[in-house]
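What follows is the residue order along each chain.
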Amino acid sequence: MIRLHNSSFISFRSESIAFRKLSVLRGTSSKKCSRTMAPPILSLELPSETGRVLSIQSHTVQGYVGNKSAVFPLQLLGYDVDPIMSVQFSNHTGYPTFKGQVLNGKQLWELIEGLEANNLLYYTHLLTGYIGSVSFLDTVLEVVSKLRSINPTFQYVCDPVMGDEGKLYVPQELVSVYREKVVPVASMLTPNQFEAEQLTGFRIASEQDGREACRHLHAAGPSQVVITSICINGTLLLIGSHQKEKGQSPVQFKIVIPKIPAYFTGTGDLMTALLLGWSNKYPNNLEKAAELAVSSLQAVLSRTLKDYEKAGYAPQTSSLEIRLIQSQDDIRNPEIKYKSQLYD
């Protein structure tokens, strides 16, 4: 496993232990307590060398989307991950029917209050994906503020899931909330082409347009922007941009991605999780992190397609569910097959 620089790990460990000790002191009564002291929280006392992630996303009982696509890969990469399920459905919504429950903003905040009451609210990262209402997204913004007040170095990785291929699948009012409130507080954004157009207000029809969209988003807030899929003249690209210091020109790059002739569910959720995982291991080399993430994702999709074919199914227009458990080596130690190309 590739590890963080030792100084980064020491800093994370010392900060989390200091937080834990301060929290214990705040909760200690001047009177002697007759009850047995609770055991320490090991993810705080002996933290992962990579980080501690709070992931607020959807959950399905069957299949891999949302947190089911994000939590396991991040754990394979060495992260402690605490998931909050924004929805809990029997299966993803591509099936003829689904059943389940939707978490509202008040219920989300109750979970945060419960964590805080027990001195458990120290995270290095927040990861969010599909969010279906303005009220829930507003509460997520409160969570961002709370986590950043506890850990000033906290990073917010946001996949602004709004739609694809020219079609919105969230309420229109969510777009302005993302643009005006979420973008300014995000550390990393991972929109697709359509979502980047929604966030910037202009059409992306060329690589130059994609690069300009990244610069526009940098000016609004995040230091790292990855447009995870852009189709230009039939070629599928990822365009990444890392502004290492405010006011400086960003390092920008592209990765050409071969198209796989099938449609998969959960790929965006997996891609953002992989970008979080690898970018934190390579904090000054977003292009290397993107190479690892793309190579890993493509390996998972290729394995998934082969397994469906092995089962006698010829993929056409149906959604295929990715094979994560069978792809552990591809996630943990991907072979870099897709190289980045730096722009001048």
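The structure this text deals with has already been given above.
Definitions and cut-offs
Residues numbered from 1 in each chain as written. Predicted model: local features only at pLDDT ≥ 70, side-chain atom pairs only at ≥ 80, totals over all residues. Heavy atoms only, no water. Helix = DSSP H or I, 4+ residues; strand = E, 2+ residues; numbered from the N terminus. Buried < 20%, exposed > 50% of the residue type's maximum accessible area, 1.4 Å probe, protein only. Contact = heavy atoms within 4.5 Å. Areas by Shrake-Rupley, 256 points an atom, 1.4 Å probe, with all protein chains shown as cover. Pairing = 2+ DSSP bridges. Polar contact = N/O pair within 3.5 Å; in protein donor to acceptor, adjacent residues only side chain to side chain. Salt bridge = Lys/Arg side-chain N within 4 Å of Asp/Glu carboxyl O. Core = buried A, V, L, I, M, F, W, Y, C linked by side-chain atoms within 4.5 Å. Expected span 1.5 Å × (residues − 1). Arc of directions from axis to C-beta. Axes fitted to C-alpha atoms, helices over the stretch in contact; angles between N-to-C directions. Parallel < 35°, antiparallel > 145°, perpendicular 65-115°, else oblique. Left-handed = near helix turned anticlockwise from the far one by under 90°. Right-handed = clockwise from strand over helix to strand, strands pointing away.

A. How the structure looks around the overall build of the protein. Helices and strands together make up the secondary structure of the protein, namely eleven helices and 14 strands. Counting every position in the protein, which comprises 344 residues, the buried fraction comes to 51%. Long-range contacts, defined here as pairs at least 24 residues apart, represent 71% of the contacts in the protein between residues at least 6 apart. With the model as given, the accessible surface of the protein reaches about 16,500 Å², and the carbon-plus-sulfur share is 51%.

B. Up close: the side chain of Thr 200. Counting through the fold element by element, Thr 200 comes out in helix H7 (residues 193-200). The exposure class assigned to Thr 200 is buried, which follows from its relative accessible area of 10%. With residues up to four places along the chain from it excluded, the contact list for Thr 200 reads Ala 213, His 216 and Leu 217.

C. Region of interest: the pairing of strand E11 (residues 251-256). The pairing of strand E10 (residues 235-242) with E11 spans six bridges and is antiparallel. Bridge pairing in E11 links His 242 to Val 251. Two elements, E11 and strand E14 (residues 341-342), share two bridges in a ladder whose sense is antiparallel. Across the sheet, the residue bridging to Lys 254 is Gln 341, located in E14.

D. Seen up close, the environment of Thr 128. Here Thr 128 shows up in strand E4 (residues 125-128). Measuring from C-alpha to C-alpha, the distance between Thr 128 and Gln 57 comes to 5.8 Å, with 71 residues separating the pair along the chain. Excluding its chain neighbours within four sequence positions, the residues that come into contact with Thr 128 are Ile 56, Gln 57, Val 140, Tyr 156, Val 157, Cys 158 and Asp 159. Among the polar contacts listed, one links the side chain of Thr 128 to the side chain of Tyr 156, at a separation of 2.9 Å.

E. Quick peek at the pattern of salt bridges. Applying the stated criterion to the full structure yields ten salt bridges. When the shortest N-O distance is used, the salt bridge between Lys 181 and Asp 138 registers 3.8 Å. Taken together, the residues span a long stretch of sequence, with Lys 181 in helix H6 (residues 173-182) and Asp 138 in helix H5 (residues 134-150) at a distance of 43 residues. Residue Lys 181 is classed as partly exposed on the basis of its relative accessible area of 42%.

F. Highlighting the nonpolar core. With 45 residues, the main nonpolar core has Leu 54, Leu 126, Val 140 and Tyr 156 as its most contacted residues. Considering every element that reaches this core, the biggest residue donor is H5, with seven residues. Tyr 156 has contacts with Leu 126, Thr 128, Val 140, Val 144, Arg 148, Val 182, Val 185, Ala 186, Ser 187 and Met 188, leaving out every residue within four places of it along the chain. Core analysis: the second largest hydrophobic core is formed by 41 residues, Val 226, Ile 260, Leu 275 and Leu 305 among them.

G. Focus on helix H8 (residues 207-220). The end-to-end C-alpha distance of H8 is 20 Å, a good match for the 20 Å that 14 residues give at a rise of 1.5 Å each. Taken together, the buried positions of H8 are occupied by Gly 210, Arg 211, Ala 213, Cys 214, Leu 217 and His 218. The buried residues of H8 occupy an angular sector of 155° when projected down its axis, which confines them to one face. Elements in contact with the buried residues of H8: strand E8 (188-189), H7, strand E9 (224-232), E10 and E11.

H. Main features of the sheet that holds strand E5 (residues 155-158). Taking strand neighbours across the sheet as the criterion, the ten strands line up as E3-E2-E1-E4-E5-E8-E9-E10-E11-E14 in an open arrangement whose pairing is mixed. The strands lining the two open edges of the sheet, one partner per strand, are strand E3 (100-102) and E14. By the bridge criterion, seven bridges tie E9 to E10 in an arrangement that is antiparallel. What sits directly across from Val 226, in E10, is Gly 240. Seen against the sheet, helix H4 (residues 105-117) touches strand E1 (52-60), strand E2 (80-89) and E3 and runs at an angle of roughly 155° to E2.

I. Representation of the packing of helix H3 (residues 67-76) against helix H9 (residues 267-281) within the structure. The contact between H3 and H9 brings their axes to 8 Å, and the two run at 30°. Here H9 runs roughly parallel to H3, going by the angle between their axes. The handedness of the crossing between H3 and H9 is right-handed. Every residue of H9 that contacts H3 at Ser 69, Ala 70, Pro 73 and Leu 74 is listed here: Asp 269, Leu 270, Ala 273, Leu 274, Leu 276 and Gly 277.

J. Molecular detail of the pairing of E1. The element E1 is extensively covered by neighbouring structure, given that nine of its nine residues are classed as buried. In the sheet, E1 pairs with E2 via eight bridges, with the strands oriented parallel. Each bridged residue has a counterpart across the sheet, and for His 59 the counterpart in E2 is Gln 88. Running through H3, the crossover from E1 to the neighbouring parallel element E2 is right-handed. As judged from the four bridges shared by E1 and E4, these two strands associate in the parallel manner. When the bridges of E4 are listed, Ser 55 appears paired with Leu 127.

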